Amino acid sequence: MSTDSVEAETAADIYCASCGTAQVDDIKLTKCDACDLVHYCSNNCEQDHLPHHKARCKERAAELRDEILFRQPESTHYGDCPICCLPLPIDTDKSYLTGCCSKLICNGCYHANAVRELEQKCPFCRHRFPKTDEESDKNLMKRVAASDPVAMRQLGGKRQNEGDYDSSFEYFSKAARLGNIDAHLHLSVMYEEGKGVGKDEKMQMYHLEEAAIAGHPRARFFLGSFELKSKRHDRAVTHWIIAAKLGLDGSIRVLKQCYKGGLVSKEEFAAALRAHQAAVDATKSPQREEAAKALG
């Protein structure tokens, strides 16, 4: 059978779930955006079929969301240090965020650069570090004007500390749309507390899930706690195992209690311990250990 005949046969198997029109020649059908289970030839057919499809569509959409949500991220949302290319630690006190280029650099590289340079310059872009708060603020606004998502998240945090929750929500939202993962976590908290925006549990969970999917270990941990309160123990444990494999110490402590309570098997707990230790070890280096001693 030729390739053309196979494609024609496959296309003929696709038909409109409402009127039965087959996808052939110049008739092209579109999938349901939410579930990918059915096809339609027009918006009218999609609307006509909605009462029959709505329940299954919602169920399948939730299944697809869970497939994404419970996928183990390759690393945390911090990624690697752009200088030494080793995974950045979860503890933000062990990294330095540059104000000139918005790069998160491990303390090891920051300290090595400080020891080597007479004039303190950014290890990444080589710009001179600001010497005053005024200069730092000026650099931040330049990065915001350039639509830097990290700078927008920083400004959102600054406005939040000043009590300007409306502006804070605006900058966090812009940062999240531009791909900043920490901003999603901030937005989740704002939707939970109702500061700068009305309380909305659905949006709270959406932003928390978006952060977790992108590798934010603390967002993942919070999801586990939420599921525990909802008595969905299997989902809670899965979240904590994922966070533990990313190197989050708090998840290991919770999983230990789950193991004692019979919610986690011996094999699952042992595997989580090994993966957690591997993730932590991957962030270590002699240069970072030297920096820890020097910086205290």
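A. Layout of the overall build of the protein. Counting secondary structure elements, the protein contains 13 helices and 4 strands. What you see for the protein is a C-alpha radius of gyration of 24 Å, clearly larger than the 19 Å of a compact globule of 296 residues, by over 25%. Projecting the C-alpha coordinates of the protein onto the three principal axes gives extents of approximately 75 × 50 × 50 Å. Long-range pairs, those at least 24 residues apart, make up 44% of the contacts in the protein with a sequence separation of at least 6.

B. Highlighting helix H12 (residues 266-282). With 17 residues, H12 should reach 24 Å at 1.5 Å per residue; the first-to-last C-alpha distance of 24 Å fits that figure. Residues Phe269, Ala272, His276 and Ala279 constitute the buried set of H12. Taken end-on, H12 shows its buried residues confined to a sector of 90°, consistent with a single buried face. Exposed residues on H12 whose side chains face more than 90 degrees from its buried face are Lys266, Glu267 and Arg274. Tucked into the core, H12 has its buried residues touching helix H10 (233-245) and helix H11 (249-260).

C. Representation of the packing of aromatic side chains in the model. Under the counting rule described, the total for this entry stands at 7 aromatic pairs. Their ring planes at 85° and their centres at 5.6 Å tell us that Phe169 and Tyr191 sit as a pair that is edge-to-face. In this pair, Phe169 sits in helix H6 (residues 165-177) while Tyr191 sits in helix H7 (residues 181-193), placing the two residues 22 residues apart along the sequence. Tyr191 matches Phe169 in its accessibility class, with the two residues each being buried. Measuring from centroid to centroid gives 6.3 Å for Phe221 and Trp240, while their planes differ by 45°, and the two rings are tilted. Taken together, the residues span a long stretch of sequence, with Phe221 in helix H9 (residues 217-229) and Trp240 in helix H10 at a distance of 19 residues. This pair shows no difference in class: Phe221 is buried, exactly as Trp240 is. In this structure an aromatic cluster arises from ring pairing among Tyr96, Tyr110 and Phe129.

Calculation notes
- Residues numbered from 1 in each chain as written.
- Predicted model: local features only at pLDDT ≥ 70, side-chain atom pairs only at ≥ 80, totals over all residues.
- Heavy atoms only, no water.
- Helix = DSSP H or I, 4+ residues; strand = E, 2+ residues; numbered from the N terminus.
- Rg over C-alpha atoms; globule rule 2.2 N^0.38 Å.
- Contact = heavy atoms within 4.5 Å.
- Expected span 1.5 Å × (residues − 1).
- Buried < 20%, exposed > 50% of the residue type's maximum accessible area, 1.4 Å probe, protein only.
- Arc of directions from axis to C-beta.
- Phe/Tyr/Trp six-rings, centres within 6.5 Å; stacked < 30°, edge-to-face > 60°.

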